[in-house]
Number of protein chains: 2
Amino acid sequence: MCELLGMSANVPTDICFSFCGLMQRGGGTGPHRDGWGIAFYEGKGVRSFHDPAPSVDSEIARLIKDYPIKSHVVISHIRQANVGAVNLENTHPFSRELWGYIWTFAHNGQLDPALFDMPLGEYRPVGTTDSEYAFCWLLGQIRERFPTRPDDFAELNSFIHSCCEQLRALGVYNMLLSESTHLYCYCTTKLSWLTRRAPFGEASLKDYEMAVDFYKETTPKDVVTVIATDPLTENEDWSALKTGEMIVFVDGDPSWSRSAIAD
Amino acid sequence: MCELLGMSANVPTDICFSFCGLMQRGGGTGPHRDGWGIAFYEGKGVRSFHDPAPSVDSEIARLIKDYPIKSHVVISHIRQANVGAVNLENTHPFSRELWGYIWTFAHNGQLDPALFDMPLGEYRPVGTTDSEYAFCWLLGQIRERFPTRPDDFAELNSFIHSCCEQLRALGVYNMLLSESTHLYCYCTTKLSWLTRRAPFGEASLKDYEMAVDFYKETTPKDVVTVIATDPLTENEDWSALKTGEMIVFVDGDPSWSRSAIAD
């Protein structure tokens, strides 16, 4: 299994603290030695980093831990390979353009090979993972149903949830997805989230001896949600998503959610 | 005007030396203070870095200068903005997927606003530059004419050249483009190239006090071509492309070229 990390915030926020915890799991406290990647949205632009080397050894990961890139939406992934070789084209997060927006995607889990029989639309995978195939299928479905960006996202959110449910029928499908403003979080087995807002307190990482006092780092209006495969801190109350549940975060707050469609 | 830098090599090669020269032009010896970006192909995978900050000040640029990422094909760009604000989504190189390959594009020059009347196919710009619009138009043309990857690239190369000629009719269009194996270099005003092969010698940068003895860094079979807006070294023989000329490099060697179609 891989590890996912996402962030949604109402002000540009750095993810150094959470990323520091995550990267320990990439060959340090965790077994996920098969590369890692991270995408930071700044407006509609995306800054992304991919490295097939373990995050705990990576020069680039060290840069990101030390150099605060501030962003509204972040998607990160560290990989323990199951389907697909360990190389750059198989390293999450994956991205494709739709409606003049860069969509970014990361997946944790494994899907039945029947996935590869699902017909693709306009998007083709570059690598050989089940994850990238699922992303290409999903985005092709969205493109076919919504040829242009809808004004109201409710119908789109509902459609994305129903597509995720189809993918869950093929196995374990935990997903983070964004187009720059909305962060889609879908759970099959493991995904937890935590919102930090005033009054801010101190948080301590589980995987590394490090604490931060967010009171000193924030303003009273800041709202920041962090989503991770497993809770990253030991002294905060994380909520776990249920199987088949999707929550869409906008500006740090949940803006839409739906439970599993009855199986 | 911006500065382009490209590389094509028959073995994975780092670009630290040339990049060190280029980044000086980003606010150091040159006026190109409006961001920079670089894409490294490793197989079909791409590792890319984008920063709207000047390259000479950039932490990320320093990392790339010091940390040798080895690649067969590299495309880099430092920007002096003319069309489009200075922000991440307007920072070259741009990329889109076609046929399961990530195409990467960088442009130097400026095109007439009539460009924005040219109908787009499947690809939409994320930012507001003439460059990204031209790329979306070009890739849409390629996709329409070649729905699947051709076995023989001669017809494709010729088609890309004719599209570049259409863009040149709108102004200054110097371009670097790749899909991982082929590096397309098209010139309107300024683009020079240099192939290094055995016997290797020493090269000295023009923009920075630095020399490298490639004899010590290479094997006798290595072939490495560097393409840049202006020659980066002062003691080597660079060749300038002519107006309307395109050269396609594969594994460090020119594999196809064509002169301007008679105007």
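Everything numeric in this text was worked out from a predicted model, so none of it was measured. (Residues numbered from 1 in each chain as written. Chains lettered and ligands numbered in written order. Predicted model: local features only at pLDDT ≥ 70, side-chain atom pairs only at ≥ 80, totals over all residues.)

Here we look at the overall build of chain A
Helix and strand content of chain A: five helices and 15 strands. Taking 263 residues into account, the globule formula puts the C-alpha radius of gyration at 18 Å, and chain A, at 17 Å, falls close to it. Taking the principal axes of the C-alpha coordinates as reference, chain A spans close to 50 × 40 × 35 Å. Here chain A holds 263 residues, and the buried ones make up 50% of them. Within chain A, contacts between residues at least 6 apart in sequence are counted, and of these 67% link residues at least 24 apart. (Helix = DSSP H or I, 4+ residues; strand = E, 2+ residues; numbered from the N terminus. Rg over C-alpha atoms; globule rule 2.2 N^0.38 Å. Buried ≥ 20, exposed ≤ 12 C-beta atoms within 10 Å, placed from the backbone. Contact = placed C-beta atoms within 7 Å.)

Looking at the interface of chain A and chain B
Taken residue by residue, the interface counts 26 residues in chain A and 26 residues in chain B. Those elements that place two or more of their residues in the side of chain A that touches chain B are β3 (45-51), α2 (59-66), β5 (94-98) and β6 (101-108) of chain A. The biggest single contributor to the side of chain A that touches chain B is β3(A), with four residues. When grouped by side-chain class, the residues that make up the side of chain A that touches chain B number 10 nonpolar, seven polar and nine charged. (Nonpolar A, V, L, I, M, F, W, Y, C, P; charged D, E, K, R; others polar.)

Structural notes on unusual backbone geometry
All names here are of chain A. The peptide bond linking A198 to P199 adopts the cis configuration, its omega dihedral lying at -5 degrees. As for its position among the elements, P199 is in the loop between β9 (192-196) and β10 (202-204). You will see that S180, though not glycine, has its phi angle at about 120 degrees, which is positive. If you trace the backbone, S180 turns up in the loop between β7 (174-178) and β8 (182-186). Exposure remark for S180: the 19 C-beta atoms within 10 Å place this residue in the partly exposed category.

Observations concerning the sheet that holds strand β15 (residues 253-258) of chain B
Residue and element names in this part refer to chain B. Ordered in space as β5-β6-β7-β8-β14-β15, the six strands form an open sheet in which the pairing is antiparallel. Each of the sheet's edge strands pairs with one partner strand only, and the pair in question is β5 (94-98) and β15. Within this sheet the neighbouring strands show an average axis-to-axis angle of 20 degrees, counted without direction. As defined by bridge partners, strand β8 (residues 182-186) adjoins strand β14 (residues 246-250) across five bridges and the pair is classed as antiparallel. Residue pairing for β14: Y186 is matched across the bridge by M246. (Pairing = 2+ DSSP bridges. Axes fitted to C-alpha atoms, helices over the stretch in contact; angles between N-to-C directions.)

Remarks on helix α4 (residues 154-168) of chain A
All names here are of chain A. Taking 1.5 Å of rise per residue, 15 residues should cover 21 Å, and α4 covers 21 Å from first to last C-alpha, within 8% of that figure. Of all the positions in α4, only N157, I160, H161, C164, L167 and R168 are classed as buried. Looking down the long axis of α4, one finds its buried residues gathered within 115 degrees of arc, a one-sided arrangement. Close packing links the buried residues of α4 with α3 (130-145), β7, β8, β14 (246-250) and β15 (253-258). (Expected span 1.5 Å × (residues − 1). Arc of directions from axis to C-beta.)

Some words on the pairing of β15(A)
One face of the sheet, then the other: side chains in a regular strand alternate in exactly this way. Residues and elements named next belong to chain A. Where β14 meets β15, five bridges bridge the pair, whose relative direction is antiparallel. The residue of β15 that forms the bridge with I247 is S257. Turn length for the β14-β15 hairpin, with the two strands adjacent in sequence and antiparallel, is two residues, and the turn residue D251 shows positive phi of about 50 degrees.

Concerning the pairing of strand β2 (residues 36-42) of chain A
β2(A) sits mainly inside the fold: six of its seven residues count as buried. The hairpin turn running from β2(A) into β3(A), its antiparallel successor, is two residues long, and G43(A) in that turn takes a positive phi close to 65 degrees.

Some details on the sheet that holds β5(A)
Residue and element names in this part refer to chain A. The six strands lie next to each other as β5-β6-β7-β8-β14-β15, forming an open sheet whose pairing is antiparallel. In this open sheet, the two strands that pair with only one neighbour each are β5 and β15. Looking at each pair of strands side by side, their axes are set apart by 20 degrees on average, direction ignored. Relative to β5, α3 is tilted by about 15 degrees, and along the sheet it contacts β5 and β6.

Thoughts on the relation of the copies chain A and chain B
Each copy of the sequence occupies a distinct position, and chain A is placed on chain B by a rotation of 180 degrees and an axial shift of 0.0 Å, giving an RMSD of 0.0 Å. The superposition of one copy onto the other is thereby described by a two-fold rotation axis. (Least-squares fit on C-alpha atoms with pLDDT ≥ 70 in both.)

Description of the nonpolar core
Most often, soluble globular proteins have nonpolar side chains that are buried together. Among the nonpolar cores identified, the biggest contains 69 residues, and V74(B), L139(B), C164(B), L176(B), Y184(B), C185(B) and Y186(B) are the most heavily contacted of them. Once residues lying within four places of it in the same chain are set aside, the contact partners of Y186(B) are C164(B), Y173(B), N174(B), M175(B) and M246(B). Core analysis: the next-biggest nonpolar cluster, separate from the first, contains 68 residues, M23(A), L176(A), A228(A) and L241(A) among them. (Core = buried A, V, L, I, M, F, W, Y, C linked by C-beta atoms within 7 Å.)

Some thoughts on the packing of α3(A) against α4(A)
All names here are of chain A. α4 packs onto α3 with a crossing angle of 145 degrees between their chain directions and a minimal axis gap of 11 Å. Note on packing geometry: the crossing formed by α3 with α4 is right-handed. Seen from α3, the contacting residues are A134, L138, Q141, I142 and R145; seen from α4, they are F159, I160, C163 and L167. Split by residue class, the contact of α3 with α4 holds seven nonpolar, one polar and one charged. (Left-handed = near helix turned anticlockwise from the far one by under 90°.)

Describing the environment of P52(B)
Residues and elements named next belong to chain B. As for its position among the elements, P52 is in the loop between β3 (45-51) and α2 (59-66). Through-space distance from the C-alpha of P52 to that of D14 is 23 Å; in sequence the pair is 38 residues apart. What P52 contacts, discounting residues up to four positions off in sequence, is G35, V86, N87, L88 and T91.

A word on the confidence of the model for chain A
Here chain A averages 90 in pLDDT, while 95% of its residues score no lower than 70. Scored as a complex, the prediction yields pTM 0.93 and ipTM 0.91. (pLDDT = per-residue confidence, 0-100.)

Description of the packing of helix α1 (residues 16-24) of chain B against α2(B)
All names here are of chain B. At a minimum axis distance of 8 Å, the contact between α1 and α2 shows a crossing angle of 150 degrees. The angle between the axes of α1 and α2 places the two elements in the roughly antiparallel class. Only A61, I64 and K65 of α2 make contact with α1, whose side of the interface consists of C16, F19, C20 and M23. Across the contact of α1 with α2, the residue classes tally to six nonpolar, no polar and one charged. (Parallel < 35°, antiparallel > 145°, perpendicular 65-115°, else oblique.)

Focus: helix α4 (residues 154-168) of chain B
Among the residues making up α4(B), those that are buried are N157(B), I160(B), H161(B), C163(B), C164(B), L167(B) and R168(B). Against the buried residues of α4(B) lie α3 (130-145), β7 (174-178), β8, β14 and β15 of chain B.

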